[in-house]
Amino acid sequence: MKKEQTFALKLWVSISILVSLLLIGSLIALILGSDTRSVGANTAIIRINGPIMADTAGGLFAELGTSSTAVIELLEEARDDKTITAVILEINSPGGSAVASDEIAQAVQAVAEEKIVVAWIRESGASGAYWIASSADHVVANRMSITGSVGVISSYLEFDEFIDDWNVSYNRLVAGERKDIGDPFTDLTPEREAFMQQKLDRVHRFFIESVAENRNLTQMQVASISTGEFFLGVEAKELGLVDELGGKEAAIAYIEEQTGKEAVTVYFEPEATFFEALFGVEETSRMAGSYRGPLALADIPVPLLR
Amino acid sequence: MKFASLLAPRTAKVVQDASFLRRLGSLLVDIAILDLFVTAPFAALFAPLLNQELSAITYSGREMAAVIALFLIVYAYFVLFEYLLRQTPGMMLLRTHLSGKDHIGAVMLRNSFILPVFPFILFWVIEPLAILFWKRGVLERVSNTRTVHQRSIIL
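Residues numbered from 1 in each chain as written. Chains lettered and ligands numbered in written order. Predicted model: local features only at pLDDT ≥ 70, side-chain atom pairs only at ≥ 80, totals over all residues. Heavy atoms only, no water.

Caption draft 1: Up close: the nonpolar core. All names here are of chain A. The biggest cluster of nonpolar side chains holds 45 residues, and the ones touching the most others in it are Leu75, Val87, Leu89 and Ile104. Breaking this core down by element, the ones donating at least two residues are β1 (43–49), α2 (68–80), β4 (86–93), α3 (98–112), β6 (116–126), α4 (128–134), β7 (138–141) and α6 (190–214). The element that contributes the greatest number of residues to this core is α3, accounting for six residues. Sequence-distant contacts of Val87, defined by excluding residues within four places in its chain, comprise Ala44, Ile46, Leu75, Ala78, Val111, Ile116, Val117 and Val118. (Core = buried A, V, L, I, M, F, W, Y, C linked by side-chain atoms within 4.5 Å. Buried < 20%, exposed > 50% of the residue type's maximum accessible area, 1.4 Å probe, protein only. Helix = DSSP H or I, 4+ residues; strand = E, 2+ residues; numbered from the N terminus. Contact = heavy atoms within 4.5 Å.)

This is the structure we're talking about:
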């Protein structure tokens, strides 16, 4: 009994000490910051992963994605950092919100005026993600990367007949005839559909104009390949949407060629939360601008570049 | 019952200075535990330095503060365990324990070789050599403590 008590006491004391030291260490690491800026680094890598959205309220089971606000903050930080001479956008995204993509694209262009920006497309850099990539000085993609998909989508499920079948009434109370356009519980009449289509076409034109300007192509050339279809990296290179086939090394080599100096990279990421610091989450496992937000198109269809 | 106990071999507990290998083993176990639980929060902070060549590494003020904090936490680990339990988890596993003065000052002194400052940094070389040849480190002699191993022998 005495032996068991001694063992139990030892165990509890040991656990208490370990947990206390872990908490103290986490607190200190958090205070000192998870700032992974490395002394001597001159090339910032900013990740753009998952669906691209502007800020929305988070939720525990919501989808991981990229917040345009967070990415823009990182881009501005890289632009203002005198030690950083180049930025690599590590893109692995199927696209997302038109507004969020445009916001990031404009921020990329602002950085590109002062520093070298290279877009490195990995598995996918399509639609809105391609819009962002096209804003860079140089685009590198794997030969099998999914890219292109210059198009806009705003599809949604319509439930008006479904609720009729179940004797459910939809009480339409609006002030403004088009207030509930896109509501899944109302019928999408031809007139309403034409209205929505006009908006989508407008967004599509913005997309085409931006890509044409960024890639030094004519709008006709871009329009001809803007059916929304995606291209493999090798195809995108033939069409002028991508500059080079390769990976991170190719991106770094381009920067070194432009600057004449060795490129020392560092990941620019948002500050770690306490729990991330507690578990010593490696920087490579955190996504730039990641947030947990509700799935898109929860209520009103939002034009998506996806 | 009495007759059976007469036939049982007589044993005695012997306490002797722990061997170098046993102490090395317990230290390795402690390092593994430290790596898993205590130094993990600092991993992200030091990750960028690992990309650089050793000779090219220069620490910013923030990183230097983190290095010092890390060493202090490691120091606290050994001091707390040896003061409260007379054993670190590694020592528990290798069945060694602290003997001698149980004053906190003595425990802090015997573990002061961990501190990454001069002159304690010299003990990174002196202590292992002393333990290897004399089974007792210099700081242990100064602090009047020993690391011992208790075992049973058959008489």
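Caption draft 2: Just the pattern of salt bridges, in detail. Residues and elements named next belong to chain B. Summed over the entire model, instances satisfying the criterion amount to 13 salt bridges over all chains. A salt bridge links Glu140 to Arg23, with the nearest nitrogen and oxygen atoms 2.8 Å apart. With Glu140 in helix α8 (residues 138–143) and Arg23 in helix α2 (residues 20–38), this pair connects stretches of sequence that are 117 residues apart. Residue class for Glu140 comes out buried when judged on its relative accessible area of 2%. By relative accessible area, Arg23 is classed as buried at 14%. (Salt bridge = Lys/Arg side-chain N within 4 Å of Asp/Glu carboxyl O.)

Caption draft 3: Structural detail: the sheet that holds strand β1 (residues 11–17) of chain B. All names here are of chain B. Overall, antiparallel pairing links the three strands, which are arranged β1-β3-β2 in an open sheet. With partners counted over all chains shown, the strands left at the sheet margins are β1 and β2 (96–100), one partner each. On average, each strand axis in the sheet is inclined to that of its neighbour by 45°, with strand direction left out of account. The pairing of β1 with strand β3 (residues 145–154) spans seven bridges and is classified as antiparallel. Its bridge partner being in β3, Lys13 is matched across the sheet by Ser152. (Pairing = 2+ DSSP bridges. Axes fitted to C-alpha atoms, helices over the stretch in contact; angles between N-to-C directions.)

Caption draft 4: Highlighting the side chain of Glu90 of chain A. Residue and element names in this part refer to chain A. Position of Glu90 relative to the elements: it lies in strand β4. Residue classification places Glu90 among the buried residues on the basis of a relative accessible area of 4%. A distance of 2.9 Å separates the side chain of Glu90 from the side chain of Arg122, its partner in a polar contact. (Polar contact = N/O pair within 3.5 Å; in protein donor to acceptor, adjacent residues only side chain to side chain.)

Caption draft 5: A look at the layout of surface pockets. All names here are of chain B. Its volume calculated, the largest pocket comes out at about 890 Å³. Contributing to the lining of the largest pocket are 29 residues, with Leu27, Ile31, Phe78, Phe113 and Ile114 lying nearest its centre. Those elements giving two or more residues to the lining of the largest pocket turn out to be α2, α4 (61–84) and α7 (123–134). (1 Å grid on protein atoms, 1.4 Å probe; cavity = no way out; pocket = protein on both sides within 12 Å on 5 of 7 lines; lining within 4 Å. Points joined across faces, edges and corners; volume = space filled by probe spheres on them.)

Caption draft 6: Spotlight on the packing of α2 of chain A against α3 of chain A. All names here are of chain A. In the contact formed by α2 and α3, the axes pass within 9 Å of each other and the chain directions differ by 0°. Taken together, the axes of α2 and α3 lie roughly parallel to each other. Touching Ser68, Val71, Ile72, Leu75 and Arg79 of α2 are Ala100, Glu103, Ile104, Ala107, Val108, Ala110 and Val111, all from α3. Of the residues contributing to the contact of α2 with α3, the split by class is nine nonpolar, one polar and two charged. (Parallel < 35°, antiparallel > 145°, perpendicular 65-115°, else oblique. Nonpolar A, V, L, I, M, F, W, Y, C, P; charged D, E, K, R; others polar.)

Caption draft 7: A look at a negative patch on the surface. Residues and elements named next belong to chain A. Residues Glu158, Glu161, Asp164, Asp165 and Asp187 make up a contiguous surface patch of negative charge. For Asp187, the position within the fold is in the loop between α5 (160–165) and α6. On the basis of relative accessible area, Asp187 is assigned to the partly exposed category, the value being 42%. (Patch = residues over 30% accessible without salt bridge, like charges linked within 9 Å, V, L, I, M, F, W, Y side chains within 5 Å. Areas by Shrake-Rupley, 256 points an atom, 1.4 Å probe, with all protein chains shown as cover. Lys, Arg positive; Asp, Glu negative; His and termini not counted. Charge placed at Lys NZ, Arg CZ, Asp CG, Glu CD.)

Caption draft 8: Examining the confidence of the model for chain A more closely. Residue and element names in this part refer to chain A. Across chain A, the average pLDDT comes to 83, with 81% of residues at 70 or higher. Taken element by element, the predicted model of chain A shows its lowest mean pLDDT in strand β12 (residues 290–293) (31) and its highest in β7 (97). Segment residues 281–302 is flagged for pLDDT under 50; beyond a separation of four residues in sequence, or across chains, it makes 72 contacts in the model. (pLDDT = per-residue confidence, 0-100.)

Caption draft 9: Layout of the confidence of the model for chain B. Of the residues in chain B, 81% reach a pLDDT of 70 or more, and the chain-wide mean stands at 82. When mean pLDDT is compared element by element in chain B, helix α6 (residues 104–110) of chain B scores highest at 93, while helix α3 (residues 43–50) of chain B scores lowest at 60.

Caption draft 10: How the structure looks around the packing of aromatic side chains. Residue and element names in this part refer to chain A. For the structure on display, the rule yields nine aromatic pairs over all chains. Here the aromatic rings of Tyr170 and Phe185 are separated by 6.2 Å at their centres, their planes lie at 25°, and the arrangement is stacked. Of this pair, Tyr170 sits in the loop between α5 and α6 while Phe185 is found in the loop between α5 and α6, placing the two residues 15 residues apart along the sequence. What makes Tyr170 partly exposed here is its relative accessible area of 32%. Site record: aromatic cluster; members linked through ring pairs are Phe159, Phe162, Trp166, Tyr170 and Phe185. (Phe/Tyr/Trp six-rings, centres within 6.5 Å; stacked < 30°, edge-to-face > 60°.)

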